[in-house]
Amino acid sequence: MAGRQTSFSSFTRMGIILIVFHSTIIAFPVAYETENRARYDHYRLYRVQLETDQHVQVFQDLEAKSDSCTFYGHARQPGQQLTIMVAANKVADFEDLLDRFLVTGRVLEYNVQSRIDVEAKNVKPATAAPSEFDWNHYFHLETIYAWMDELSQKHSFITVTFLGNSYEGRPIKGIKLSRKPDNKAIFVEGGIHAREWISPATATFILNQLITSQDPKIVDLSTNYDWFFFPTVNPDGYKFSFESDRLWRKNRQPYGICRGVDLNRNFDSNWGGIGSSDDPCSYDFSGGSVFSEPEAKALADFIRKNAEKERIRTYIALHSYSQLLMFPLGHTPEKVANYEHLQSITDKAIAALTAVHGTEFQGGSKHETIYPSSGGSIDWAYQEAKIPVSLTFELRGPPDSTDMFILPAEQITPVGEETMAAFVAIVEEAQRMGYYD
């Protein structure tokens, strides 16, 4: 006897599996975190040594032609080390390339997704209340904003302020801390690169220290200086890194088939020059024009409006990773007018930072310390807004970090502690040099 014919198909959407048997539809709810979340199962992280001009050319070609290798930096010169993430299905090809061209390389991590999965255990849900805010977990944008609102309700010297709105319409929210009139001010930028979660975490840690610490040096900073904190100046990218792609860097404005601009290449400081890209699919795409991105334009407009009125004398940007403290300029080896002062401030800050937990940093101008770059916020703040002490931190880990941007939450507090010590040293040394007179 012939069996009954059954047609079978299935669809997965909005947490429901629909299974069709002949003409009957049965719906089964299914539970999973987020549809379409990017995964990096068995992606490998390599650190390679470029010894020759041929090596440099090979990896320049690879970056230009491969969509399966994610470069953290560009191949520029012999003697350079380069970190590259390789998709699982291209590991064999990549190993073959290393062998054929006699390139020395080592594997820093065999499964990038495993790092992300471990980190996820210390990410609080987006519904977490501001009362749950701490520095043992990473927090969604919603909780950071709610925490800042709560601070302003609790403390008369705290005011919520805004830069403007992001491409997707989210407010770029910040805090002004001011305990007395006529103070000079310090501006702290966090989260311009979405995946660098330790940046907003460190910004909020330092803000909390300025509010609550009884340490005399921190009390002095909190009392005798005004502070502007914007922990997440790229809110769309930050939210996307929590909900869709942990390693997303840029903002979320579309350009053709790709999305996003590196906001730290969109400022009017040698815009479109060395160390930036005109390819919308590149991680360091500089945008359609200078200040084409609403986030960068809003930040610049705020600084233009307030640099003199609020007496902003210091601009500090928080990034990760590589354990560096840098000052302008990024696009040229030419030394700025107060190079020696900035080098001294940097040296004092690094000494103070290292004294806390032994973390080793390097310091100098951006061009001589990390790599050439153009269109950065601190270069613009220094050159155009005339803020004389403009600095960038690249926080933990080291250049060959196996964690990359996925720094374990257990390191938030020690990073905050050592960075707080560096902030104290920066302000003290800048004060000694007369920058706050």
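Note on numbering: residues in each chain are counted from 1, in written sequence order. Owing to the predicted nature of the model, reporting of local features is limited to residues with pLDDT of at least 70; listing and counting of side-chain atom pairs is limited to 80 or more, with chain, interface and lining totals taken over all residues. Note that the side-chain values use all heavy atoms of the structure and ignore hydrogens as well as water.

- As recorded by an unreviewed UniProt entry, the protein carries the name Zinc carboxypeptidase A 1 and is attributed to Aedes aegypti.
- Looking at the protein in UniProt, the text filed under Subcellular location (unreviewed entry) is "Secreted".
- UniProt positions are given in the numbering used here, feature names are shortened, and annotations may be inferred rather than shown by experiment. Taken verbatim from the UniProt record of the protein, the Function (unreviewed entry) comment is "Involved in the digestion of the blood meal."

## Focus on the environment of Val86
Then, in step 1: By definition, any uninterrupted DSSP run of H or I lasting at least four residues is a helix, any uninterrupted run of E lasting at least two residues is a strand, and each is numbered from the N terminus. Tracing the chain through its elements places Val86 in strand 6 (residues 80-86).
Then, in step 2: A residue is classified by how much of its surface remains accessible, and Val86, at 0% relative accessible area, is buried.
Then, in step 3: For Val86 and Phe71, which are 15 residues apart along the polypeptide, the C-alpha to C-alpha distance reads 8.8 Å.
Then, in step 4: Excluding residues within four positions of it along the chain, Val86 makes contact with Tyr43, Arg44, Tyr46, Ser68, Cys69, Val91 and Phe94. Exposure is judged per residue with a 1.4 Å probe applied to protein chains only, and the accessible area is read against the type maximum: over 50% gives exposed, under 20% gives buried, and values in between give partly exposed. Contact between two residues is taken to exist if any of their heavy atoms lie within 4.5 Å; hydrogens are not considered.

## A look at the packing of helix 4 (residues 141-154) against helix 5 (residues 198-212)
Then, in step 1: Between helix 4 and helix 5, whose axes approach to 12 Å, the crossing angle comes to 15 degrees. By the angle between their axes, helix 4 is roughly parallel relative to helix 5. The two elements helix 4 and helix 5 meet at a crossing, and its hand is left-handed. The segment helix 4 lies against helix 5, with Ile144, Trp147 and Leu151 engaging Pro200, Thr204, Leu207, Asn208 and Ile211. Note on geometry: axes are lines fitted to C-alpha atoms, helical ones only across the stretch in contact, with angles between N-to-C directions running from 0 to 180 degrees. By definition in this entry, angles of less than 35 degrees are roughly parallel, angles greater than 145 are roughly antiparallel, angles of 65 to 115 are roughly perpendicular, and the rest are oblique. With the far helix as reference, a near helix turned anticlockwise by less than a right angle produces a left-handed crossing, and one turned clockwise produces a right-handed crossing.

## A closer look at the state of the cysteines
Then, in step 1: Working definition: a disulfide is two cysteine sulfur atoms within 2.5 Å of each other. Going through the model one piece at a time under the given rule, you end up with one disulfide.
Then, in step 2: Cys258 shares a disulfide with Cys281; S-S distance 1.9 Å. Residues Cys258 and Cys281 share a disulfide whose torsion about the S-S bond is about 75 degrees; that sign makes it right-handed. Of this pair, Cys258 sits in strand 13 (residues 258-259) while Cys281 sits in the loop between strand 13 and helix 8 (294-306), and the two are 23 residues apart along the sequence.
Then, in step 3: For Cys281, a relative accessible area of 45% puts it in the partly exposed group.
Then, in step 4: Here Cys69 is not cross-linked by a disulfide; its sulfur's nearest cysteine counterpart is in Cys281, at 16 Å.

## Description of the UniProt feature "active site" (unreviewed entry) in the protein
Then, in step 1: What UniProt calls "active site" (unreviewed entry) maps, in this numbering, to Glu394.
Then, in step 2: Note that Glu394 resides in strand 17 (residues 389-395).
Then, in step 3: Glu394 has contacts with His319, Ser320, Tyr321, Ser322, Gln323, Leu324, Met326, Phe361 and Ile370, leaving out every residue within four places of it along the chain.
Then, in step 4: Polar contact is defined as a pair of N or O atoms within 3.5 Å, subject to the rule that within protein one atom must be able to donate a hydrogen and the other to accept it, and that residues adjacent in sequence are counted only when both atoms are side-chain atoms. Separated by 3.4 Å, the side chain of Glu394 and the backbone nitrogen of Ser320 make a polar contact.

## Regarding the sheet that holds strand 8 (residues 158-165)
Then, in step 1: Being paired, for any two strands, means DSSP has found at least two bridges between them. If you trace the eight strands from one edge of the open sheet to the other, you get 8-9-11-10-14-17-15-16, paired in mixed fashion. Of all strands in the sheet, those bounded by a partner on one side alone are strand 8 and strand 16 (362-365). Ignoring which end each strand starts from, the neighbouring axes of this sheet average 20 degrees apart.
Then, in step 2: As paired elements, strand 8 and strand 9 (residues 171-177) share six bridges and run antiparallel to each other. Its bridge partner lying in strand 9, Ile158 is registered against Leu177.
Then, in step 3: Here helix 6 (residues 216-224) sits on the sheet and contacts strand 9 and strand 11 (225-230); the angle it forms with strand 11, its principal contact strand, is near 90 degrees.
Then, in step 4: Sheet strands touched by helix 8: strand 8, strand 9, strand 10 (184-190), strand 11 and strand 14 (312-320). Its angle to strand 8, the strand with the most contacts, is close to 130 degrees.

## Topic: the sheet that holds strand 7 (residues 104-109)
Pairing between the strands of a sheet is mediated by backbone hydrogen bonds and can be parallel or antiparallel.
Then, in step 1: One open sheet holds the four strands; their spatial order is 5-6-4-7, and the pairing between them is antiparallel. In the strand order of this sheet, the two ends are held by strand 5 (69-72) and strand 7, each with one partner. Neighbour to neighbour, the strand axes of the sheet diverge by 30 degrees on average, direction disregarded.
Then, in step 2: Pairing geometry for strand 4 (residues 44-50) and strand 7, over five bridges, is antiparallel. Residue Leu45 lies in a different strand from strand 7, and its bridge partner there is Glu109.

## Here we look at the side chain of Ser320
Then, in step 1: Turning to its location among the elements, Ser320 is positioned in strand 14.
Then, in step 2: When its relative accessible area of 3% is taken as the criterion, Ser320 is described as buried.
Then, in step 3: With near-sequence residues (within four places) excluded, Ser320 lies in contact with Glu196, Ile198, Glu394, Leu395, Arg396 and Phe405.

## Thoughts on the packing of helix 1 (residues 53-65) against helix 2 (residues 91-100)
Then, in step 1: Close contact between helix 1 and helix 2 brings their axes to 11 Å; oriented N to C, the two are set at 160 degrees. By the angle between their axes, helix 1 is roughly antiparallel relative to helix 2. At the point where helix 1 passes helix 2, the crossing takes the right-handed sense. Contacts from Val58, Phe59 and Leu62 in helix 1 reach Phe94, Leu97 and Leu98 in helix 2.
Then, in step 2: Asp, Glu, Lys and Arg are counted as charged, while Ala, Val, Leu, Ile, Met, Phe, Trp, Tyr, Cys and Pro are counted as nonpolar; the rest, among them Gly, fall into the polar class. By residue class, the composition of the contact of helix 1 with helix 2 is six nonpolar, no polar and no charged.

## Comments concerning the UniProt feature "domain: Peptidase M14" (unreviewed entry) in the protein
Then, in step 1: The residues that UniProt annotates with the feature "domain: Peptidase M14" (unreviewed entry) are residues 137-430.
Then, in step 2: Helix and strand shares over residues 137-430 are 37% and 19% respectively, and the end C-alpha atoms of the span are 33 Å apart.

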